[in-house]
Amino acid sequence: MKRYLRRTSAQGGVCFEVMDEFGSLRYSVTVDSDKRKQIVMVLQGEVPVAEIQHKNFVVQYFTLRCDAKIYILLPVCKEEFGFVIYGSPCRFAGDPAAGRFSLFDGDKSPVMLLKKCWSCFGDGYEMEILREEKELFAVGVAVCAELYLFASQHQAALE
């Protein structure tokens, strides 16, 4: 199944929309910030279905709560950008310059393929989610990646 993640501007901060291939809003994502962390809520309609906390204390990391589980995503940047994901056998990695990323399960089977694209929904990411039962987890990981990459680009522009 395909989903499209796009950044939108909203009163009070950054947010995202996740659309399906037919243009229907699947999830809305709100971001609230304070000095120590960002709190991100993934909503389906008005109902919160996932929460992400982005913290920058010694190292940057994300806490993702969805599907009654908690995951810690720790960014790593070696030959390619990725997350070490504690609480899941999945691994996320890719090339920010090309805008292509993959989420693989422990048996190396693909869960999600993510690529930067321009679509009828605007500039954003196309997500090909190959395991329907992991949709919310995959959306959460994609939002974490976008938040991290955007913050890294913003920090580099300030330097």
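Just so we're clear, the structure is a prediction, and the values are computed from it rather than from any experiment.

Report on the side chain of lysine 134, specifying residues and quantitative values.
Tracing the sequence through the fold places lysine 134 in the loop between β12 (122-129) and α1 (135-158). Apart from residues no more than four positions distant in its own chain, lysine 134 is found in contact with Cys90, Asp105 and Val111.

So what about the state of the cysteines? Which residues, and what values?
Note on terminology: a disulfide is the covalent bond linking the sulfur atoms of two cysteines. Counted under the stated rule, the structure contains zero disulfides. In this model cysteine 90 remains outside any disulfide bridge; the closest cysteine sulfur is found in cysteine 66, 11 Å from its own. For cysteine 90, a relative accessible area of 0% translates into the label buried. In this structure cysteine 144 is not part of a disulfide, and its nearest cysteine sulfur, from cysteine 66, lies 9.4 Å away. Judged by its relative accessible area of 0%, cysteine 144 falls in the buried class.

Any details on the side chain of glutamine 53? Residues and values, ideally.
Structurally, glutamine 53 is set in strand β5 (residues 47-57). Residue classification places glutamine 53 among the buried positions, given a relative accessible area of 12%. Engagement of the side chain of glutamine 53 in a polar contact is seen with the side chain of glutamate 51, the distance being 3.0 Å. A distance of 3.3 Å separates polar atoms of two side chains, one belonging to glutamine 53 and the other to lysine 55. Aside from chain neighbours lying at most four places away, what touches glutamine 53 is Lys37, Gln38, Ile39, Tyr61, Phe62 and Thr63.

I'd like a rundown of the packing of aromatic side chains, residues and numbers included.
Taken as a whole and judged by the stated rule, the model has nine aromatic pairs. Geometrically, the ring pair formed by phenylalanine 81 and phenylalanine 92 is edge-to-face, given 6.4 Å between the ring centres and 80° between the ring planes. Of this pair, phenylalanine 81 sits in strand β8 (residues 81-86) while phenylalanine 92 sits in strand β9 (residues 91-95), and the two are 11 residues apart along the sequence. Like phenylalanine 92, phenylalanine 81 is buried. For the pair phenylalanine 92 and phenylalanine 101, a centre-to-centre distance of 5.5 Å together with 15° between the ring planes defines the contact as stacked. Exposure remark for phenylalanine 92: the relative accessible area of 2% places this residue in the buried category. Residue classification places phenylalanine 101 among the buried residues on the basis of a relative accessible area of 3%.

Kindly report on a nonpolar patch on the surface, identifying the contributing residues and their values.
A contiguous nonpolar patch, built from Phe57, Val58 and Val59 and spanning about 370 Å² of accessible area, is present on the exposed surface. Counting through the fold element by element, valine 58 comes out in the loop between β5 and β6 (59-66). For valine 58, a relative accessible area of 78% gives the class exposed.

Quick rundown of the environment of arginine 131? Include the residues and the values.
The topology assignment puts arginine 131 in the loop between β12 and α1. On the basis of relative accessibility, which here comes to 23%, the residue arginine 131 falls in the partly exposed class. Taking C-alpha positions, arginine 131 is 9.6 Å from serine 109, a pair spaced 22 residues apart along the chain. Once you skip the residues sitting within four places of it in the chain, arginine 131 turns out to touch Asp105, Ser109, Pro110 and Val111. A polar contact is formed between the side chain of arginine 131 and the side chain of glutamate 133, at a distance of 3.1 Å.

Each value, and the rule that gives it
- Residues numbered from 1 in each chain as written.
- Predicted model: local features only at pLDDT ≥ 70, side-chain atom pairs only at ≥ 80, totals over all residues.
- Heavy atoms only, no water.
- Helix = DSSP H or I, 4+ residues; strand = E, 2+ residues; numbered from the N terminus.
- Contact = heavy atoms within 4.5 Å.
- Disulfide = S-S within 2.5 Å.
- Buried < 20%, exposed > 50% of the residue type's maximum accessible area, 1.4 Å probe, protein only.
- Polar contact = N/O pair within 3.5 Å; in protein donor to acceptor, adjacent residues only side chain to side chain.
- Phe/Tyr/Trp six-rings, centres within 6.5 Å; stacked < 30°, edge-to-face > 60°.
- Patch = residues over 30% accessible without salt bridge, like charges linked within 9 Å, V, L, I, M, F, W, Y side chains within 5 Å.
- Areas by Shrake-Rupley, 256 points an atom, 1.4 Å probe, with all protein chains shown as cover.
- Salt bridge = Lys/Arg side-chain N within 4 Å of Asp/Glu carboxyl O.

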